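# Examination of the molecular architecture
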Amino acid sequence: VTSPCKILKCNSEFWAATSGSHHPGAEEAPEFCTALRAYAHCTRRTARTCRGDLAYHSAVHGIEDLMVQHNCSKDGPTSQPRLRTLPPGDSQERSDSPEICHYEKSFHKHSAAPNYTHCGLFGDPHLRTFTDTFQTCKVQGAWPLIDNNYLNVQVTNTPVLPGSAATATSKLTIIFKSFQECVDQKVYQAEMDELPAAFADGSKNGGDKHGANSLKITEKVSGQHIEIQAKYIGTTIVVRQVGRYLTFAVRMPEEVVNAVEDRDSQGLYLCLRGCPLNQQIDFQSVRSAQATEGRARRKGPSPPAPPQAFTYETATAKCREKLPVEDLYFQSCVFDLLTTGDVNFMLAAYYALEDVKVLHSNKDKLHLYERTRDLAPGNTAPSGTSAALWVLLLLLCLSRCWLCLL
């Protein structure tokens, strides 16, 4: 279904009208202001249908800022002139970027390497936060995934089946905010069955600024896998379409993660704060109930299963094909197959773990387990076997103490 919000069209028209005009001179200021007024007029026309759209609100604020910066009057002509353009290929192929547009070289030139963190969203949906908390959430509708001084990420989750509580990500909007001489504001938007290899304005890098190539989109697999490198903030984003739905993974320095003007009043930011309690699902208790129900069913008559339905045993066997380690990615795979019956959710969990292997800086935290949240950072207890070992060690210590006393 085509969205009635036409903000991307407004964005494209403005960028087309102002391409090559990073810092308009005095002789071009009137033309630039004319383009801004046309941009503002376009956003007003689509305001009613864009109330919940993150790209729309970002554009409105961006227009206001540009109006002030260039002393533009809100009254005046709104035709869209074509300002000067750079030579063909210049904005897409420029390789020389100022040092400030390379995060590691600029911010950490005389200090230790930055500490990178990871956040991922996949499946039904399952969220791994920047603090390695693993949650399963409902979060139907539009939710902010990341919201800091450099970029905004918003996801829209829709029901997988009519009347089902299971949701998955059907739309993703990423806004890279304008940053010094590095990049112009850029919007990336993906939807079900539409995973573009370019920003909304058709470009594949950060625009016409001198450090434009510090922001770049690369298509890894057509229609299935794209990667966005934002070197000026040391950030890598991976977006995939698996089956009908989208997955998201990001690698970001802690400094950028926490770059918010007022953290206390910021509101929800799922990658940092996790899902609200009333939106979380304890999928492990659901899984236990389904396993118990499966055992009870085997003792009595078995009703015919609908096509593509999974039992606890068949879901477990299917997930083990791609996820041999029985961690939370494996368990979320089992949960999703039981909830949706869609085998693509197994692939979503598999690719989410593969992205963690590439993006997470701490290789000891690739796998998360049920008890991880109860232990000190860096410690894990993956199964009941570990607990049994602790008991054995305790018994050995006690036996030695008795021998000493004797």
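Now for a look at the structure at hand. (Residues numbered from 1 in each chain as written. Predicted model: local features only at pLDDT ≥ 70, side-chain atom pairs only at ≥ 80, totals over all residues. Heavy atoms only, no water.)

### Let's talk about the packing of aromatic side chains
Overall, the coordinates contain eight aromatic pairs when judged by the stated rule. Taken together, Phe122, Phe134 and Tyr329 form an aromatic cluster joined through their ring pairs. One cation-aromatic arrangement involves arginine 251 over tyrosine 116; the distance from NZ or CZ to the ring centre is 3.7 Å. Taking NZ or CZ as reference, lysine 322 lies 4.6 Å from the ring centre of tyrosine 350, over its face. (Phe/Tyr/Trp six-rings, centres within 6.5 Å; stacked < 30°, edge-to-face > 60°. Lys NZ or Arg CZ within 6 Å of the ring centre and 35° of its normal.)

### Quick word on the sheet that holds strand E9 (residues 225–230)
Strand order across the open sheet formed by eight strands is E8-E9-E10-E11-E1-E2-E3-E12, with antiparallel pairing between neighbours. For this open sheet the edge positions go to strand E8 (215–221) and strand E12 (280–281), each flanked by a neighbour on one side alone. Pairing geometry for strand E1 (residues 116–122) and strand E2 (residues 126–128), over three bridges, is antiparallel. For glycine 120, the partnering residue across the bridge sits in E2 and is arginine 128. The strands touched by helix H11 (residues 344–359) within the sheet are E1, E2, strand E10 (235–242) and strand E11 (245–253), with E10 carrying the most contacts at an inclination of about 165°. (Pairing = 2+ DSSP bridges. Helix = DSSP H or I, 4+ residues; strand = E, 2+ residues; numbered from the N terminus. Contact = heavy atoms within 4.5 Å. Axes fitted to C-alpha atoms, helices over the stretch in contact; angles between N-to-C directions.)

### A short note on the state of the cysteines
Summed over all chains, the structure comprises seven disulfides. What pairs with cysteine 10 in a disulfide is cysteine 42, and their sulfur atoms sit 2.0 Å apart. Residues cysteine 10 and cysteine 42 are joined through a disulfide that is left-handed, its torsion about the S-S bond being -80°. Here the residue cysteine 10 occupies a position in helix H1 (residues 7–18), and cysteine 42 occupies one in helix H2 (residues 29–45), the gap between them amounting to 32 residues. As far as burial versus exposure is concerned, cysteine 10 and cysteine 42 are alike and both buried. A sulfur-sulfur distance of 2.0 Å marks the disulfide that ties cysteine 319 to cysteine 333. For the disulfide bridge between cysteine 319 and cysteine 333, the dihedral angle about the S-S bond is near -90°, and by the sign convention the bridge is left-handed. (Disulfide = S-S within 2.5 Å. Buried < 20%, exposed > 50% of the residue type's maximum accessible area, 1.4 Å probe, protein only.)

So far we have only geometry, and geometry alone does not tell us how the molecule works.
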